[in-house]
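Architecture at a glance
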Amino acid sequence: MTQLTRRVSGAELEVIVADITTLGVDAIVNAANSSLLGGGGVDGAIHDAAGPELLAECRTLGGCPTGDAKITKGYLLPARHVIHAVGPVWHGGSHGEAKALRSCYRRALELCQANGLNSLAFSAISTGVYRFPAGQAAKIAVHTTIDTLPAAPSVSRVIFCCFSERSAALHMDVLARYGSPC
Ligand code: AR6
């Protein structure tokens, strides 16, 4: 169910509560770890739904540093691609966590542009097992996306796919200050 939609810089930005593995977009953004070989949380759900070919492709990628992202096919997912972003582990906030999280959002949008993708859905990177404070992460997600959109003109639709009403409320608080209602 869509909770909020805003038009910003020619793109439609939405906050929804959903299981990201159900979304039929050009790319979903996974909250991965630097091995890119799967794990729990949204990473586990994406690998379960995509099937073993996803792990086979991930094995060829040689991992990924924190703050960066790599793209694969979506295999059995309704999404055409998966962008595996490696968010920071929260260690109190003075270890470059915000910078690394901003970089994840920017790199995901750059990969969409490089691959000519139109629609993508972000999970709330680092806000689960990695313990990044959810309110601060929601601000980074929305602000970085809006700041990066001019450099990613292929992207016309961005979904912030939240897994709880609380997470959605935090994203909506930020997004509601921007653009115009659709
Ligand atoms: N759809 C959408 N969002 C989800 C789903 C889902 N199916 N499942 C969980 N979330 P986390 P992290 C939300 O822990 O903090 C893994 O083991 C969840 O509520 O998945 O970046 C990786 O392999 C939370 O808001 O990712 C890494 O080792 C958000 O997704 C590590 O966890 C992210 O929570 C990464 O930790």
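Refer to the structure printed above.
Numbering of residues starts from 1 in each chain and follows the order in which that chain's sequence is written. Reporting of local features is limited, given that this is a predicted model, to residues whose pLDDT is at least 70; pairs of side-chain atoms are given and counted only at 80 or more, and all residues count toward the totals for whole chains, interfaces and linings. Neither water nor hydrogens contribute to the side-chain values; these are computed over all heavy atoms in the structure.

Points about the packing of aromatic side chains
The following threshold applies: Here a pair means two rings of Phe, Tyr or Trp (six-membered ring of Trp) with centres within 6.5 Å. Their orientation is stacked below 30 degrees between planes, edge-to-face above 60, and tilted elsewhere. Only DSSP runs of H or I covering at least 4 residues are called helices, and only runs of E covering at least 2 are called strands; the numbering of each starts at the N terminus. Burial classes: relative accessible area under 20% of the type maximum marks a residue as buried, over 50% as exposed, and values in between as partly exposed (1.4 Å probe, protein chains only).
For the structure shown, the criterion picks out 3 aromatic pairs. Relative to Phe-132, the ring of Trp-90 lies with its centre 4.8 Å away and its plane at 65°, an arrangement referred to as edge-to-face. One end of the pair, Trp-90, is in the loop between β5 (81–86) and α3 (97–114); the other, Phe-132, is in the loop between β6 (119–122) and α4 (134–148), and 42 residues separate them in sequence. Owing to a relative accessible area of 17%, Trp-90 belongs among the buried residues under this scheme. Its relative accessible area of 2% is what places Phe-132 among the buried residues. Ring centres 4.6 Å apart and planes at 50° place the aromatic pair Tyr-105 and Phe-122 in the tilted group. Of the two residues, Tyr-105 sits in helix α3 while Phe-122 sits in strand β6, which places them 17 residues apart along the sequence. Taking relative accessible area as the criterion, Tyr-105 reaches 1% and is therefore assigned buried. Judged by relative accessible area, which is 1%, Phe-122 ranks as buried. Linked through ring pairs, Tyr-105, Phe-122 and Phe-160 together constitute an aromatic cluster.

Observations concerning the site of the ligand
Stated precisely, the cut-off is as follows: The criterion for a residue being near a molecule or strand is simple. One of its heavy atoms has to lie within 4 Å of it. Any pair of N or O atoms that falls within 3.5 Å is considered a polar contact. Within protein, one atom must be able to donate a hydrogen and the other to accept it, and sequence-neighbouring residues count only if both atoms are side-chain atoms. Each accessible area is a Shrake-Rupley result for a 1.4 Å probe, and residues are judged covered by the shown protein chains and nothing else. Put simply, the grid is 1 Å and covers the protein atoms alone, a cavity is a trapped set of points that fit a 1.4 Å probe, a pocket is an open set with protein on both sides within 12 Å along at least five of seven lines, and lining residues have an atom within 4 Å of a point. Each molecule is assigned to a cavity or pocket provided more than half of its atoms lie within 2 Å of the corresponding grid points.
The full set close to the ligand counts 20 residues, and Asn-33, Gly-40, Asp-43, Ser-126 and Gly-128 are the nearest of them. Between an oxygen atom of the ligand and a main-chain N or O atom of Val-42, the distance comes to 2.9 Å. The separation between an oxygen atom of the ligand and a polar main-chain atom of Gly-128 is 2.8 Å. Burial of the ligand by the protein chains amounts to 87% of its free accessible area of 700 Å². Judged by its atoms lying within 2 Å of the grid points, the ligand is housed in the largest pocket. If one sorts the elements of the shell around the ligand by residue count, helix α1 (residues 41–50) sits on top with 4 residues.

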